[in-house]
Amino acid sequence: MKVGMLHSATMLPAFLLLFFMGTSIRLSETMSRDEKSKLRNQVLEMFDHAYQNYMDHAYPADELMPLTCRGRVRGLEPSRGDIDDALGKFSLTLIDTLDTLALLNKTVEFEAAVRRVVKDVRLDNDIVVSVFETNIRVLGGLLGGHSMAVMLKESGRMLWYQNELLHMAKDLGLRLLPAFNTSSGLPYPRVNLRYGVRGPETRTGTETDTCTACAGTIILEFAALSRFTGDPTFEAHARRALDFLWEKRQRNSNLVGTTINIHSGEWVRRDSGVGAGIDSYYEYLMKAYILLGDDQFLQRFNTHYASIMKYISQPPLLLDVHIHKPLLPARTWMDSLLAFFPGLQVLKGDIRPAIETHEMLYQVTKKHNFLPEATRDPYYLEVGRTVLENLNRFARVPCGFAAMKDVRTGSHEDRMDSFFLAEMFKYLFLLFAEEEDLPFNVEDYIFTTEAHLLPLSLSTASNSQAPPVVNNMAGEELDDSNFEWTCPNTRLLFPDPAFPRNLREPIRSAVDKSCPRPTTHREPGMGRPPLRAQDFMANNPEHLELLRRMGVSLIHLKDGRVQLVQHATQAVSAVAAEDGMRFMQEMMELSSQQQKEQLPPRAVQIVSHPFFGRVVLTAGPAQFGLDLYKSSSGVRGFVTVAEPYNGCTELSNSEIVAGRIALLQRGQCMFAEKARHIQKAGAIGGIVIDDNEGSSSDTAPLFQMAGDGRNTDDVSLPLLFLFHKEGNILLEALKEYKEVEVLLSDKARDREAIFKGKALPGTLLDGSTDGAEEEDCSTEEKGHSSSTSSEPVDQSQVTTQEQTAEDAVVGQDSVQPAEGLGSYIPVDVGEEPAVDGDSGSQSMDSLMADWQEDLEAFKQMEKDEL
């Protein structure tokens with residue numbers, strides 16, 4: 001588990017945003033001014049420790065290596081891959097720290113640093129750098145430094161300053177412009193500072209893809225550069241890139257993907273979230289509206305935000321989805337770069353989800369001692385104190401602060417990123433500062449994604465030289481709903497001072513596995529031991545009542561799964577709420593334990609008349625029983641409906657099921673229990689059909705069926721899962737043809753392999769055809785299994801929110817489908833269609849037409865995941 005001083009492209013804390021808006025949520029327990037003063041002085045001491053060690057041991061190198069007390073010079077140290085693209089031999093850390101020195105009232109040091117940058121730094125080095133990192137760190141640092149120098153000059157200091165940093169900023173901007181020379185306007189991800197983009201000889205111009213954030217996090221710096229200099233070129237290029245990204249959004253979901261082809265505009269990675277690869281694109285839409293006053297940016301942000309809250313937000317989590325199927329999760333974990341999002345929600349004015357997500361992130365990070373986000377609620381003063389203590393305790397070394405290589409062991413990495421000085425100490429200083437401690441009014445500035453300061457006065461700067469802005473709104477004004485809740489007065493929204501605390505407490509306890517439990521004074525009616533996750537049954541009325549008392553709600557999702565959500569405030573007592581938190585924690589742990597290696601989908605291939613292997617149904621695997629992936633020939637047999645259909649008791653038609661593949665209905669009991677009952681009846685396999693009418697693998701994530709929390713080694717037959725739509729095809733075939741034979745396997749099999757060299761039917765046979773060939777095809781190895789023995793599957797720890805009523809069936813979020821496997825797939829598409837009047841052929845033609853579009857989407861999802 002490798003965690004460095006992670007650079008979020010959008011790590012703008014919510015506490016800073018609240019500071020800008022002059023809002024707060026007061027509690028009765030506040031930190032005294034003396035305590036805040038001590039912590040503020042501690043921040044200054046820590047900054048001095050980091051900055052002075054960089055200047056003493058690393059300058060003019062780009063970064064400090066704090067473990068070996070020397071500078072990191074690109075080309076002299078072993079390559080770290082893309083990370084090194086931020087280094088351009090331009091004293092990165094010094095430039096990135098300029099406006100931090102000014103904000104921390106270190107005016108003498110700031111003036112000396114500006115003189116050093118002007119005198120020593122060269123920007124024409126023959127070196128390839130990241131356009132994104134160079135823009136936010138170096139161009140942003142120069143512009144922030146210029147803003148501070150101008151502010152000091154206006155107050156009578158630094159009278160010698162003649163816009164030297166701005167001249168350097170324009171020089172750098174011109175060196176970045178060649179990257180934008182593409183047909184789409186999206187920039188190449190890298191550029192050579194001396195030679196621009198000229199192809200392989202300059203090690204540039206060969207890339208085809210860039211991340212959404214890389215192309216969409218340009219507008220603040222480039223627009224500021226244009227308005228400072230009066231040259232409209234930079235802002236125009238940044239706007240064009242944003243316009244292109246907006247045009248390429250998925251029009252149904254209004255989401256953008258993670259990676260895009262800079263030439264064609266095709267999405268290379270179609271997963272969408274608010275973390276790595278996309279994060280600061282959303283941040284810059286909102287901040288571009290604030291800095292530039294262009295309503296169009298707000299409209300775009302609000303459109304995206306509505307989709308984020310509809311598809312990605314699963315409070316308190318933010319989980320990636322697929323842009324073309326936004327109800328389909330792309331993964332079940334969150335990356336650290338989305339930690340900025342609660343701050344952006346505060347800027348928008350959506351406070352409740354901001355507090356919930358922030359608290360979850362903070363409780364998680366507390367366990368590993370790395371850095372959270374914060375707000376100006378006095379609660380977060382204690383959060384800030386914890387940050388300071390952890391930095392000094394775990395990251396401080398004699399020559400600076402070292403990144404954490406592994407949060408579990410506390411081992412260090414010889415690395416102190418420039419943004420540690422650019423961002424972290426600004427945020428911490430502002431958290432503990434009183435208004436009189438600040439050298440200027442921070443409400444007059446907007447903070448970029450690297451926390452560089454740009455004056456809001458730029459919004460009124462003359463841009464008469466700028467080309468006309470293309471407004472896709474055709475002159476229409478935005479309606480008032482676009483401006484609702486932006487920069488709200490939280491005292492009016494949430495008059496109860498306990499509001500944020502009530503949101504935080506259940507999340508805090510749910511994350512904390514070591515939450516203490518009282519053993520006495522239990523609520524009347526709750527004297528019995530609390531409900532355990534492993535015992536829970538969704539169809540048990542007593543269990544549902546226990547959930548209600550614990551504040552746990554059961555939500556039936558459209559795909560048939562059940563989601564459990566706990567609100568501690570709805571529990572009958574504090575003890576009951578704690579029982580609910582424990583139950584939720586156990587349920588997540590049970591799911592994690594049950595989720596072994598994520599299995600790819602399996603195939604149910606209909607091999608009898610009139611299908612002969614042409615139809616394949618996508619099936620979900622089970623985490624127990626025979627592993628079809630390890631079987632060379634799969635399991636083949638005729639299907640029959642189990643009685644009872646749910647398979648939750650011993651079968652009454654065992655003599656019919658014996659030697660066949662049993663069809664079962666989902667629900668009422670555990671999957672493993674169903675498997676044991678049909679196995680006892682002599683079945684060679686089982687297919688569970690979803691009872692949620694209308695469910696289908698084209699609209700819902702595939703299920704992999706988990707066990708019942710007990711040892712399932714006794715289950716030796718294969719069990720597969722079909723959604724209702726696919727299962728109904730099998731049931732209708734059985735109803736029409738009476739005898740239906742299927743092959744259960746890991747993927748669709750070639751028809752020659754299925755029929756083992758026998759003559760393949762050239763057309764779909766009807767009932768009048770001579771039965772000899774049909775008999776050869778349909779009775780081959782009737783009722784026999786050609787499978788290999790099952791082996792245990794390695795476990796992996798994958799967290800999921802959603803638990804089914806049966807046995808925590810887990811939706812596959814990163815399925816790797818077998819080649820050629822879809823919902824319905826013609827194995828041999830080159831054959832002639834069936835003769836007229838053949839009802840079976842008509843059904844097949846209809847099925848293939850209906851599913852062709854979904855098959856293409858399924859294949860595209862497979863490419864996305866690979």
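Residues numbered from 1 in each chain as written. Predicted model: local features only at pLDDT ≥ 70, side-chain atom pairs only at ≥ 80, totals over all residues. Heavy atoms only, no water.

Novice: Sorry if this is basic, but what is going on with the overall build of the protein here?
Specialist: For the protein, the count of helices and strands is 25 helices and 28 strands. The burial tally for the protein puts 60% of its 866 residues in the buried class. Carbon and sulfur atoms make up 49% of the accessible area of the protein, which totals about 34,300 Å². (Helix = DSSP H or I, 4+ residues; strand = E, 2+ residues; numbered from the N terminus. Buried < 20%, exposed > 50% of the residue type's maximum accessible area, 1.4 Å probe, protein only. Areas by Shrake-Rupley, 256 points an atom, 1.4 Å probe, with all protein chains shown as cover.)

Novice: How do you make sense of the packing of aromatic side chains when you look at a structure like this?
Specialist: Two descriptors summarise a pair of aromatic rings, namely the distance from one centre to the other and the angle between the planes of the rings. One pass over the full model with this rule turns up 15 aromatic pairs. Each ring, one from Phe 47 and one from Phe 425, has its centre 5.7 Å from the other, and the planes form 80°; the classification is edge-to-face. Residue Phe 47 is located in helix α2 (residues 33-57), and its partner Phe 425 is located in helix α15 (residues 418-432); the two are separated by 378 residues in the primary sequence. The same class applies to Phe 47 and to Phe 425, which are both buried. Taken together, the ring pairs in this structure connect Phe 47, Tyr 51, Phe 401, Phe 420 and Phe 425 into an aromatic cluster. Just above the ring of Trp 160 sits the side chain of Arg 115; from NZ or CZ to the centre is 4.0 Å. One residue, Arg 249, lies across the ring of Trp 246, its end atom 3.8 Å from the ring centre. (Phe/Tyr/Trp six-rings, centres within 6.5 Å; stacked < 30°, edge-to-face > 60°. Lys NZ or Arg CZ within 6 Å of the ring centre and 35° of its normal.)

Novice: It is not clear to me how the packing of helix α5 (residues 131-154) against helix α6 (residues 164-176) should be interpreted in this structure. Could you clarify?
Specialist: A packed helix pair is summarised by two numbers, namely the angle formed by the two axes and the spacing between the axes. α6 packs onto α5 with a crossing angle of 160° between their chain directions and a minimal axis gap of 8 Å. Judged by the inter-axis angle, α5 sits roughly antiparallel to α6. Relative to α6, the crossing made by α5 is left-handed. When α5 is examined against α6, the residues Thr 134, Asn 135, Val 138, Leu 139, Leu 142, Leu 143, Gly 145 and His 146 are found in contact with a partner set consisting of Leu 165, Leu 166, Met 168, Ala 169, Leu 172 and Leu 176. (Axes fitted to C-alpha atoms, helices over the stretch in contact; angles between N-to-C directions. Parallel < 35°, antiparallel > 145°, perpendicular 65-115°, else oblique. Left-handed = near helix turned anticlockwise from the far one by under 90°. Contact = heavy atoms within 4.5 Å.)

Novice: Which parts of the structure should I look at to understand the packing of α5 against helix α8 (residues 219-229)?
Specialist: One way to put it is that α5 packs onto α8 with a least axis distance of 10 Å and a crossing angle of 40°. Judged by the angle between their axes, α5 and α8 are oblique. Along this stretch, α5 crosses α8, giving a crossing that reads as left-handed. On α8, the residues touching Asn 135, Ile 136, Leu 139, Gly 140, Leu 143, His 146 and Ser 147 of α5 are Glu 221, Phe 222, Ala 224, Leu 225 and Phe 228. In the contact of α5 with α8, the residues fall into seven nonpolar, four polar and one charged. (Nonpolar A, V, L, I, M, F, W, Y, C, P; charged D, E, K, R; others polar.)

Novice: I'm lost on the sheet that holds strand β7 (residues 267-269) in this one. Help?
Specialist: Hydrogen bonds between backbone groups are what pair the strands of a sheet, and the pairing can be parallel or antiparallel. Pairing is antiparallel across the open sheet formed by three strands, whose spatial order is β5-β6-β7. Every interior strand has two partners, whereas the edge strands, β5 (209-211) and β7, have only one. For this sheet, the mean inter-axis angle between neighbouring strands, taken without regard to orientation, is 35°. Across two bridges, the pairing between strand β6 (residues 259-261) and β7 is antiparallel. Across the sheet, the residue bridging to Thr 259 is Arg 269, located in β7. (Pairing = 2+ DSSP bridges.)

Novice: For this particular structure, what's the right way to read the nonpolar core?
Specialist: Nonpolar side chains in soluble globular proteins tend to end up buried together. Counting 126 residues, the largest nonpolar core has Phe 110 and Ile 219 as the members making the most contacts within it. Top contributing element to this core by residue count: α5, with 11 residues. Filtering out sequence-adjacent residues up to four positions away, Phe 110 remains in contact with Leu 98, Leu 101, Ala 102, Gly 145, Met 148, Ala 149, Leu 152 and Met 158. Grouped together as the second largest cluster of nonpolar side chains are 25 residues, Leu 617, Leu 720, Ala 733 and Val 742 included. (Core = buried A, V, L, I, M, F, W, Y, C linked by side-chain atoms within 4.5 Å.)

Novice: Looking at this structure, I do not really get the state of the cysteines. What am I missing?
Specialist: Here a disulfide denotes a covalent bond joining the sulfur atom of one cysteine to the sulfur atom of another. The tally for this structure, following the rule as stated, stands at three disulfides. Cys 648 shares a disulfide with Cys 669; S-S distance 2.1 Å. Across the S-S bond of Cys 648 and Cys 669 the torsion is about -85°, and the bridge reads as left-handed. In this pair, Cys 648 is assigned in the loop between β22 (635-641) and α20 (654-657) and Cys 669 in the loop between β23 (661-665) and α21 (671-680), connecting sequence segments 21 residues apart. (Disulfide = S-S within 2.5 Å.)

Novice: What is the right way to look at helix α4 (residues 107-120) in this model?
Specialist: A turn of α-helix holds 3.6 residues, and therefore any two residues three or four places apart point the same way. Over its 14 residues, α4 extends 20 Å from the first C-alpha to the last, a length consistent with the 20 Å expected when each residue adds 1.5 Å. Within the sequence span of α4, burial applies to Thr 107, Phe 110, Ala 113, Val 114 and Val 117. Looking straight down α4, one finds that the buried residues subtend no more than 120° of arc, so they occupy a single side. Turned more than 90 degrees off the buried face of α4, the exposed positions are Val 108 and Lys 119. Residues of α4 that are buried make contact with α2, α3 (92-103), α5 and α6. (Expected span 1.5 Å × (residues − 1). Arc of directions from axis to C-beta.)

Novice: Any chance you could explain the pattern of salt bridges here in plain terms?
Specialist: A side chain of one charge can pair with a side chain of the opposite charge if their charged atoms are brought near each other. For the structure shown, the criterion picks out 39 salt bridges. Here Arg 74 makes a salt bridge to Asp 85, at a shortest N to O gap of 3.1 Å. Here Arg 74, found in the loop between β2 (70-72) and α3, pairs with Asp 85, found in the loop between β2 and α3; they are 11 residues apart in sequence, far enough to count as distant. Under the relative-accessibility criterion, Asp 85 is labelled buried at 9%. Glu 413 is the salt-bridge partner of Arg 415, the closest N and O atoms lying 4.0 Å from each other. We classify Glu 413 as buried; its relative accessible area is 17%. Through salt bridges with shared partners, a single network forms among Glu 63, Arg 80, Asp 84, Glu 133 and Arg 137. (Salt bridge = Lys/Arg side-chain N within 4 Å of Asp/Glu carboxyl O.)

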